[in-house]
Structure formats: structure tokens, C-alpha cells
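Structure at a glance
Listed below are the residues making up each chain.
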Amino acid sequence: MSVGPPVTLADTLGTNGRQGRWPRVCAGTYTPEMEMKFTKNIGMLLLAIWLILYGVFALFPRLGTFEGEPTVMAILAIVAGVFILIGR
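Here's a quick rundown of the structure. (Residues numbered from 1 in each chain as written. Predicted model: local features only at pLDDT ≥ 70, side-chain atom pairs only at ≥ 80, totals over all residues. Heavy atoms only, no water.)

1. A few points about helix α4 (residues 69–86)
Rule in force here: Elements are defined by DSSP. Helices are runs of H or I of four residues or more, strands are runs of E of two residues or more, and each kind is numbered from the N terminus. Here the expected span of a helix is defined as 1.5 Å times the quantity of residues minus one. Per-residue accessibility, obtained with a 1.4 Å probe over protein chains only, is compared with the maximum for each type, and a residue is labelled buried under 20%, exposed over 50%, and partly exposed between these values. What the arc covers is the set of directions going from the helix axis to the C-beta atoms. Note on contacts: a residue pair is in contact if any heavy atoms of the two residues lie within 4.5 Å.
Compared with an ideal rise of 1.5 Å per residue, which puts 18 residues at 26 Å, α4 spans 26 Å between its outermost C-alpha atoms and is within 8% of the ideal. By the burial criterion, the buried members of α4 are Glu-69, Met-73, Leu-76 and Ala-80. Burial along α4 is one-sided: seen end-on, the buried residues are contained in an arc of 65°. Exposed and oriented more than 90 degrees from the buried face of α4 are Pro-70, Ile-75, Ile-78, Leu-85 and Ile-86. At its buried positions, α4 is contacted by α3 (42–59). One or two positions beyond α4, positive phi appears at Gly-87, with a value near 80°.

Next comes the structure, spelled out in C-alpha cells:
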């Protein structure tokens, strides 16, 4: 009984005529689609900032104890909502 060469994970990901993502990463090659891309939509960017600040202030209440925090968060939410509605 003969045993063939061992099958690796990289071999299994390149099936169906498509090359999987794993072999490219393991080979050390860089492709542009691997970059993290930020949105150009200012409304979504402001929403992301609002969500991050809201989460940080909820986890660490002492950080959100300055006097104008509710006002700043409300203005940021309104501006983000307006920009999302107008599609910018």
C-alpha cells in the first residue's frame, strides 16, 4: 500500500479553479485587496466615531463625566444622521 504526498490546508483552499486566500497570505505575497479601506462617506464615518465614543463612555464612565458630553454626543448623532440621509 503506497501513500501519496501529504495534503496541506493550502492545497484544499485552491479547489474549484479559484485560489483561496490562505495560500497568498502564507506565501508572504501582498495584494491590494488585503488593505483595510476606510469609508469615504462622511455620515458613516461620523456614525462610527459616535458608536466608538458611546461604547467607550459606557465602559469607562469616568471618561464621559465632562459637562458637555451629552450635548457633544447628540450633535454628533444629528450631524451623522443628516449626512447619511443626504448620501454624503
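There is more to say after this.
2. Some remarks on the packing of aromatic side chains
Pairs of aromatic rings are described using the distance from one ring centre to the other and the angle between the two planes. Our working definition: Pairing of aromatic rings covers Phe, Tyr and Trp, the last through its six-membered ring, and needs centres within 6.5 Å; plane angles under 30 degrees mean stacked, over 60 mean edge-to-face, and all others mean tilted.
Evaluation of the coordinates by the stated rule reveals one aromatic pair. For the pair Trp-50 and Tyr-54, a centre-to-centre distance of 5.1 Å together with 15° between the ring planes defines the contact as stacked. Taken together, the positions of Trp-50 and Tyr-54, both in helix α3 and four residues apart, correspond to about one turn of that helix. Under the relative-accessibility criterion, Trp-50 is labelled partly exposed at 21%.

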